[in-house]
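Residue-level structural notes
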2 protein chains.
Amino acid sequence: MYSAAVQDLIDKLGALPGIGPKSAQRLAFHLLAARAEEVEGLISALREVKLRVRFCDRCGNIAEADLCDICADPRRLATAICVVEEPKDVVAIERTREFRGTYHVLGGAIDPIGGVGPDDLRIRQLFTRLASGEVSEVILATDPNGEGEATAAYLARRLAPLDVTVTRLASGLPVGGDLEYADEVTLGRAFEGRRSMN
Amino acid sequence: MYSAAVQDLIDKLGALPGIGPKSAQRLAFHLLAARAEEVEGLISALREVKLRVRFCDRCGNIAEADLCDICADPRRLATAICVVEEPKDVVAIERTREFRGTYHVLGGAIDPIGGVGPDDLRIRQLFTRLASGEVSEVILATDPNGEGEATAAYLARRLAPLDVTVTRLASGLPVGGDLEYADEVTLGRAFEGRRSMN
């Protein structure tokens, strides 16, 4: 129905995560009608990112040099490693300003159905980092969902023989949320993890 | 928080219609981690579309030549023009195989709040086409929402002095839908437009 060039763009946009066929069509028509400079701006942003951005040799976070900004920062404590699934999780935790250690980005979570096993993640590199003996705490900050929990459980088991404290981020009610709107799993976790007030 | 290159890509993606800040971030991280060929494929699809695709001189639909495929097709009837807002509406109507005439793409709808007036649409070009006297029916197929109805009403008024039949697509219940889930405006329209069964 569309010309080949338009259909090709719709297909390529539709292959991106979270872009359905309707969105891909809307985006393609927007780009078709957009000023040439807008499209060139997007193209050069894509090029620039692929040219400049790589992954940190140590932690797997996104970086513009061998090491990411966090691993390269001498003020960050080498005694604590926070293990996350993706670079965007690093950004989310950095925003809290709660953590002064370094990160380890796994590049995903264990997902047997999706065909992602421990060997597909940067787990070997985590143990290489732990071999230095500098690290006293590993914080497992994988997502609070099935895959993330499975990954945390797997790592906790593998970390047990080592002389490090292993912790997991607390699950519970979102701050500012309404108790009645919390799903039962979250509410159950909040109960399980209740803390003394006195 | 992000490096300049990553933030720039997130900003450019987030400026596209229907892409919020979260989606823009997810897309940027996907593209960061994607194979270089995938990103180059997307870039060349964007380039190709801007290079090859233009708008039909006659009807404003997307085209790869002076005229779009429909205007260039001698089997299409020159006696009926279906007026739509956007090229994607042409695709939707073509899919029904109900219409053998040609189209006229306005490039939007009258929207006083959004600052779109009749002069911002391809209305002058529509009247130029009608001046040939060949056209006997103009079908107003703008969207069944506020802006689309206003545009149809405006065009109907302007077309009234001309010797052409002016029609509007029927509003009513979606085929295959449940009556109880129809919103009251649609249901009201369905009543208003009820047809005799005998």
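Each remark here, short or long, concerns the structure printed above.
**A look at the overall build of chain A**
Of regular secondary structure, chain A possesses seven helices and six strands. Reading the helices (α) and strands (β) of chain A from amino to carboxyl end gives α-α-α-β-β-β-α-β-α-β-α-β-α. The long-range share in chain A, meaning contacts at least 24 apart out of those at least 6 apart in sequence, stands at 47%.

**A look at a positive patch on the surface**
Judged by side-chain charge, Lys22(A), Arg26(A), Lys88(B) and Arg95(B) come together as a positively charged surface patch. Mapped onto the fold, Lys22(A) is located in helix H2 (residues 21-33).

**Overview of the interface of chain A and chain B**
Facing the 47 residues of chain A at the interface are 47 residues of chain B. Approximately 4200 Å² of surface area, both sides summed, lies buried where chain A meets chain B, with 77% of it carried by carbon and sulfur atoms. A salt bridge links Glu40(B) to Arg47(A); the shortest N-O distance between them is 3.0 Å. For the interface between chain A and chain B, the tally reads eight residue pairs in polar contact (both at pLDDT 80 or more). Elements supplying a minimum of two residues to the side of chain A that touches chain B: helix H1 (4-14), H2, helix H3 (36-52) and helix H4 (87-96) of chain A. For the side of chain A that touches chain B, the element with the most residues is H3(A), which contributes 14 residues. Considered class by class, the residues forming the side of chain A that touches chain B number 28 nonpolar, five polar and 14 charged.

**Some thoughts on the packing of H3(A) against helix H1 (residues 4-14) of chain B**
Between H3(A) and H1(B), the shortest axis-to-axis distance is 9 Å and the interhelical angle comes to 150°. Compared by their axis directions, H3(A) and H1(B) come out roughly antiparallel. Judged by the twist between their axes, the crossing of H3(A) over H1(B) is left-handed. Only Ala5(B), Val6(B), Asp8(B), Leu9(B), Lys12(B) and Leu13(B) of H1(B) make contact with H3(A), whose side of the interface consists of Gly41(A), Leu42(A), Ala45(A), Leu46(A), Glu48(A), Val49(A) and Arg52(A). Along the lines of polarity and charge, the residues of the contact of H3(A) with H1(B) split into eight nonpolar, one polar and four charged.

**Remarks on the pairing of strand S5 (residues 137-140) of chain A**
Each regular strand carries side chains that alternate between the two faces of the sheet. All names here are of chain A. The sheet contact formed by strand S3 (residues 80-84) and S5 spans four bridges and is parallel. The residue bridging Ile81 from the neighbouring strand is Val138, located in S5. Bridging between S5 and strand S6 (residues 165-168) involves four bridges; their strand directions are parallel. Residue Glu137 lies in a different strand from S6, and its bridge partner there is Thr165.

**A short note on the pattern of salt bridges**
Two side chains bearing opposite charge may form a pair once their charged atoms approach each other closely. All names here are of chain B. Throughout the structure, instances matching the rule amount to 20 salt bridges over all chains. With its nearest N and O atoms 2.9 Å apart, the salt bridge here joins Lys12 to Asp8. Residue Lys12 and its partner Asp8 are both found in helix H1; the two are separated by four residues, about one turn of the helix. Classification of Asp8 as partly exposed rests on a relative accessible area of 29%.

**What about the side chain of Thr102(B)?**
Mapped onto the secondary structure, Thr102(B) falls in strand S4 (residues 102-105). Engagement of the side chain of Thr102(B) in a polar contact is seen with the side chain of Arg129(B), the distance being 2.9 Å.

**Quick look at the sheet that holds strand S5 (residues 137-140) of chain B**
Residue and element names in this part refer to chain B. Spatially, S4-S3-S5-S6 is the arrangement adopted by the four strands of the open sheet, whose pairing is parallel. The sheet is open, and its two edges are formed by S4 and strand S6 (165-168), each paired on a single side. Direction aside, neighbouring strands of the sheet carry axes that sit 25° apart on average. Note: strand S3 (residues 80-84) against S4, four bridges, orientation parallel. Its bridge partner being in S4, Cys82 is matched across the sheet by Tyr103. In this fold helix H5 (residues 123-130) packs onto S3, S4 and S5, with an angle of close to 150° to the strand it touches most, S4.

**Digging into the relation of the copies chain A and chain B**
Once chain A has been moved 0.0 Å along the axis and rotated by 180°, it coincides with chain B to within an RMSD of 0.1 Å. Here the transformation between the copies is reduced to the relation of a two-fold axis. Looking at the rotation axis and the C-alpha trace of chain A, the residue lying nearest is Ile43(A), at 3.0 Å. Here 100% of the contact residues of chain A are again contact residues in chain B; the copies associate through an equivalent surface.

**A short note on H5(B)**
Residues and elements named next belong to chain B. Turning to H5, its buried residues number three or more, namely Ile123, Leu126, Phe127, Arg129 and Leu130. Down the axis of H5, the sector holding all buried residues measures 155°, keeping them to one side. Across from the buried face of H5, at angles greater than 90 degrees, the exposed residues are Arg124 and Thr128.

**Let's talk about the environment of Asp120(B)**
Residue and element names in this part refer to chain B. With respect to the helices, strands and loops of the structure, Asp120 is situated in the loop between S4 and H5. In this structure the C-alpha to C-alpha distance between Asp120 and Ala109, which are eleven residues apart in sequence, comes to 8.9 Å. A polar side-chain atom of Asp120 sits 2.8 Å from the main-chain amide nitrogen of Gly117.

**As for the sheet that holds S5(A)**
Backbone-to-backbone hydrogen bonds pair the strands of a sheet. The strands run either parallel or antiparallel. Residue and element names in this part refer to chain A. Sheet architecture is open: four strands sit in the order S4-S3-S5-S6, paired in parallel fashion. At either margin of the open sheet sits one strand with a lone partner, and together these are strand S4 (102-105) and S6. On average, each strand axis in the sheet is tilted by 25° relative to the strand beside it, whichever way the strands run. Packed onto the sheet, H4 meets S3 and S4 and runs at close to 155° relative to S4. Packed onto the sheet, helix H5 (residues 123-130) meets S3, S4 and S5 and runs at close to 150° relative to S4.

Rules of the game
Residues numbered from 1 in each chain as written. Chains lettered and ligands numbered in written order. Predicted model: local features only at pLDDT ≥ 70, side-chain atom pairs only at ≥ 80, totals over all residues. Heavy atoms only, no water. Helix = DSSP H or I, 4+ residues; strand = E, 2+ residues; numbered from the N terminus. Contact = heavy atoms within 4.5 Å. Patch = residues over 30% accessible without salt bridge, like charges linked within 9 Å, V, L, I, M, F, W, Y side chains within 5 Å. Areas by Shrake-Rupley, 256 points an atom, 1.4 Å probe, with all protein chains shown as cover. Salt bridge = Lys/Arg side-chain N within 4 Å of Asp/Glu carboxyl O. Lys, Arg positive; Asp, Glu negative; His and termini not counted. Charge placed at Lys NZ, Arg CZ, Asp CG, Glu CD. Buried area = accessible area lost by both parts, 1.4 Å probe. Polar contact = N/O pair within 3.5 Å; in protein donor to acceptor, adjacent residues only side chain to side chain. Nonpolar A, V, L, I, M, F, W, Y, C, P; charged D, E, K, R; others polar. Axes fitted to C-alpha atoms, helices over the stretch in contact; angles between N-to-C directions. Parallel < 35°, antiparallel > 145°, perpendicular 65-115°, else oblique. Left-handed = near helix turned anticlockwise from the far one by under 90°. Pairing = 2+ DSSP bridges. Buried < 20%, exposed > 50% of the residue type's maximum accessible area, 1.4 Å probe, protein only. Least-squares fit on C-alpha atoms with pLDDT ≥ 70 in both. Arc of directions from axis to C-beta.

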